[in-house]
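Below are the chains, spelled out letter by letter.
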Amino acid sequence: MSALAVRVLGELTVDGFDVAQLDRKARGLLQLLALARGGAVPVDAAVEALWGDAPPRRPGDQVAVLASRVRRLLGRESVQRTDRGYRLHADWCDLVELEAVTREAERRHAAGETGAAAAAARAALALLRGPVPEVHPEAAWAVAEQAAVVRLVQRARRVAASSLLAAGEWRDALELAAGDLVTDPLDEQAARTAMRAHAAAGRPAQALAVHAVLRETLADQLGADPDEETAALHTAILRGDLPLVRSSPHVPALVGRDSQVAHLDSLVGRARAERVPRVALVSGEAGIGKTTLLTSWAASRRAAGDRVLLGTCGPLDRAAPLDVVLSALADHGEDGDLDALLGSTGSGRSVDPALGPTVLYAALTRALARIAADRPLVLVVDDAHLAGPTLADWLAYLRRRPLPLVVVLGARPAEGPDLPATDHVGLGPLDRSHVAALVGERRADDLHARSGGHPLFLAELATVPAGALPVSLVAAVTARCDDLGSAGELVRTAAVLGGDLDIDLLAGVLGRGTLDVLTDAERAVRSGLLVEVAGRLRFRHDLVRTALVSGTTTGRATLLHREAGRALDRRADADPAAVAEHARLGGDPELAARALRTAAGRAEERFDHATAENLLDQSLALASDDGTLLARARVRTRRRRYRDAEADALAATRSGPMRWETAAWAAYFDRRFDDAASYADDGILAADDAPSRTRCLVASGRILHARGQLDLARERLDAAMLDATGEDRLEAAAWLGVLHAHRSEVGEALAFLRPATRPGVGVAHTAASLHALLFTGHTLAVAGRAQEALACFDSYTAEVERRDVPRFAGRGVNFSGWVLRNLGAVAAGVDAHQRAAEEAVDGVVIPEVRVAALEDLAEERLRAGDADAAAALLDRARAALVGDLVFGWRLAMKLRLLQAQVHLLREEPEQALTIARALADDAGSVGVPRYDACARLLVHRAAHALGEPVDPAAAWHDLGRVERAVGIEAWWWAASTGAALGEERWLTRAEQLTAAVRSR
């Protein structure tokens, strides 16, 4: 596993890894682990920091899942579980290095080592890439760790300012101090540094002005004066006792490489403090800037007073063991006991072949130890990938010796021997801001996009006008291709086709054997035009490919794309988007349109509906087709573009009854039930085949159910089940199961719903699949199986997000609130209802969810005895209960049931009796026992309140019906009705029902 280098300040990054692949919570955990600086993060602290006061169920398990995701990205050993919590096992962390280098700067500053202290200070500043990350304000552990890092940053800035000022760099010291004063105007140490910097620059008036502002701020905010040290400094400036200081130059920082320089600088301090060699491997592709970094950093270390040896490996170094180190020692003038080991040739030195390796290793190490006797030693070896295995062996030997030495190796990745590094420093492309710093804002966007931030290509492109290719680059690439013969033709063809090289495709397009093509591709790799990455061949850089494409005629490029599109279309595993692109560029619009439609279907199966619609738009632009119009209509329905979907369906005039079925669903989701029912009926009449008729019957049954015509809906769905096959039968069964659920027919509902809840149901049946999940939970709650119901609602909510269909959002959350309240978790239930009532899609709250949530909130207020609050909530629900709403009839029934309870609570039994009797009759007529049975219990209560006789046996019978119709809340109906009627056995039954629900 590669060494882990973690950076927290500014932005969480890990060298060599893309942390953006982690989700937000996993990145949050990684940040907490990094803030701990090698210490353990307690599980409770992680939960508090990641979720605040709304932790998930089984929070410890959720933290373990997040830790597993981090391990999957960074390696199995990256996150370790201990008795105290989780800890990050990193080889390097900017916070740890900041602490070490700050301590080193403080030590050198105290010892009067001015230049060394300033160098350490600059290393510390380079690590400060940005602010300390924010944490949850109520997470005590995380807040404490963040505060410790803030104090560390303050300490680093203070010692840096002091050290730079002592080294004569008053401008940088003043900038630091001024920034600290902006953050904390009461920071006397920062004020003193600013005063000293102004005085050193010969600006005593500005120094005194800093003191005046500080004195006024202290008096206003604390009622205090500056301390004695500040007062003494003020007096010294007044007397002119502080000397002027001439600014001293320092080695400028490399653009875009501050963190890498800081990493290397930190190793020098660690090697000196620990007296253990550090071996850093600086890796990156050719031209990425390794040599520039190494030479510049070596110069900065010399300027800081370190001893530096510098060498570069050449092509012959594999056969000349350790020649690069021997030459560096000779350049330094260190012969000593090496003379006995080195023979002479006419042109240089070579190692005596009679020597054993251990003797040579020991001699080299002793020579380096002498050089490092009084100060840190740095050995820089560039192009180390060209060295033979002897260099790696010697480095392994060296690492076991107590020596304050830093060896920095520059190498290309995956080339040369495996070097035993203790630290890895990766060099990647420059980002846009760094490119702007080099070439200016005007060309930054263009050059960054074209060069990819690659320093060498950036330098070449900067010399030519925008959009042009450097002649030197085109000529070099073209000449290299010409030298390769048939391999050059292969590379040119691959450049036109683009992307990673597909050997089989290239063989088909060129009419050559696969083995011959592979052999030529390997030649191109050896020539440097191609590179193998993770088993795939690709161009070393896109500019190489662009240079080759610029030399290909339009006619040849068109022919190559046409052949590629047709060859790919014959392959079952081909990416249809690639087929479409090649066909389009090759002038074959029919193939391109067909492939785009296939690609759209695949995007839909990933629930990427926006991409699917875009692909279908492109397909229709190339070749209009009724099948594609219907496909786009269905996608637009899923994207809530119902009127556009309806227009597409109606425009598909040659698609038979399916145009009516598609238009019916668009109108249904647009809440225009009359139009939807009309379209579905037209489709039933027009259908001359069983599959089409079945799908229109399913749509009709669903629409009628939504309108409240349950018996007719049942007839249509039963008819559909007679002829339906495959997934059409699954969808018909799902809608039939929802209807049984509304009638509290538990066994039938679960049997019909179950198939559509299983994994693998495609995007075409999204609505049926989601409703099956939702109403399986509803049916389980009706049966009193609370925990199973809650699990179903959680699965529903997760599936809504996975399938990217926000119009279904909120329903599972609201149903969960209903179950939670009936389990006694009233606060959690109310929170769920409130979230559901407020959840919006594109700024609009789903009306069905809003009405249901308001009714549930009103029900909670009724149970709490607050009739006025319940009535206010019902007024809001009634105002939203307008137009065609899905299952609006059921929402209206529940509103009437709750309104009757409001009247009872207000001691208005006449009104309650009238509403309850009418509701019982209506619910019974459509076969919805939940509202029929519950309303009849309210009739008994109202009659009793009016002094009318109540038949105990009839009331008890109705309670039994409630238990079967809505088991999750039967306990409440038993308790409230029993209390109203004064029946003790009802209260006993309520206790039994409560225990039964909570046990399941």
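Quick caveat: nothing in here was measured; it's all calculated off a predicted structure. Residue positions are counted from 1 within each chain, in the order its sequence is given. Where local features are concerned, this predicted model is filtered to residues with pLDDT of at least 70; where side-chain atom pairs are given and counted, the filter is 80 or more; whole-chain, interface and lining totals use all residues. Calculated side-chain values reflect all of the structure's heavy atoms, with hydrogen atoms and water omitted.

An axis is simply a line fitted to the C-alpha atoms; with a helix, the fit covers only the stretch in contact. Between two such axes, the angle follows the N-to-C directions and lies from 0 to 180 degrees. Secondary structure elements are defined from DSSP: runs of H or I of at least 4 residues count as helices, runs of E of at least 2 residues count as strands, and each element is numbered from the N terminus. Running from N to C, helix H4 (residues 94-110) and helix H11 (residues 258-274) point in directions that differ by 65 degrees, and their axes come no closer than 9 Å. Of the possible angle classes, the one that applies to H4 and H11 is roughly perpendicular. Read as a crossing pair, H4 and H11 show a hand that is left-handed. Residue-level inspection shows Glu97, Glu104, Arg107 and Arg108 of H4 in contact with H11, the latter providing Ser266, Arg270 and Arg272. Note on terminology: angles under 35 degrees are roughly parallel, angles over 145 are roughly antiparallel, angles of 65 to 115 are roughly perpendicular, and the others are oblique. What makes a crossing left-handed is the near helix being turned counterclockwise from the far one by less than a right angle; a clockwise turn instead makes it right-handed. Contacts are assigned to residue pairs with any non-hydrogen atoms lying within 4.5 Å of each other.

A few words on the sheet that holds strand E7 (residues 307-312). With respect to topology, 5 strands assemble into an open sheet ordered E7-E10-E11-E6-E12, the strand pairing being parallel. Each of the sheet's edge strands pairs with one partner strand only, and the pair in question is E7 and strand E12 (423-426). Ignoring which end each strand starts from, the neighbouring axes of this sheet average 15 degrees apart. As judged from the 6 bridges shared by E7 and strand E10 (residues 377-382), these two strands associate in the parallel manner. Directly across from arginine 307, in E10, lies its bridge partner leucine 377. Of the strands in this sheet, E7 and E10 are in contact with helix H13 (residues 323-332), which crosses E7 at around 135 degrees. Two strands qualify as a pair provided DSSP detects at least 2 bridges between them.

Neighbouring strands of a sheet are bound in pairs by backbone hydrogen bonds; such pairs are parallel or else antiparallel. The strand order across the open sheet built from 3 strands is E2-E1-E5, with neighbouring strands paired in mixed fashion. Single-partner strands in this sheet number two, and they are strand E2 (13-14) and strand E5 (92-93). Direction of pairing for strand E1 (residues 5-7) relative to E2: antiparallel, over a ladder of 2 bridges. Each bridged residue has a counterpart across the sheet, and for valine 6 the counterpart in E2 is valine 14.

All right, on to the packing of helix H8 (residues 188-200) against helix H10 (residues 228-239) then. For the pair H8 and H10, interaxial distance at closest approach is 10 Å and the crossing angle is 15 degrees. When the axis of H8 is compared with that of H10, the two are roughly parallel. For the pair H8 and H10, the crossing hand works out as left-handed. For the pair H8 and H10, contact is made by Glu188, Arg192, Met195, Arg196 and Ala199 and by Glu229, Thr230, Leu233, His234 and Ile237, respectively.

With respect to the helices and strands, the residue alanine 837 is situated in helix H39 (residues 826-838). Burial classes follow relative accessibility: with a 1.4 Å probe on protein chains only, a residue under 20% of its type's maximum area counts as buried, one over 50% as exposed, and anything between as partly exposed. Exposure remark for alanine 837: the relative accessible area of 6% places this residue in the buried category. A sequence separation of 326 residues divides alanine 837 from glycine 511, and the C-alpha atoms of the two residues are 64 Å apart.

UniProt positions are given in the numbering used here, feature names are shortened, and annotations may be inferred rather than shown by experiment. Here the UniProt-annotated "domain: Bacterial transcriptional activator" (unreviewed entry) positions come out as residues 93-238. Here residues 93-238 runs as 79% helix and 1% strand, with 45 Å between its end C-alpha atoms.

Before going further, it helps to examine the pairing of strand E4 (residues 85-88). Of the strand pairs in this sheet, strand E3 (residues 79-82) and E4 are connected by 4 bridges, and their pairing is antiparallel. Paired with threonine 82 across the strands is glycine 85, a residue of E4. Hairpin connection from E3 to E4: 2 residues lie between these consecutive antiparallel strands.

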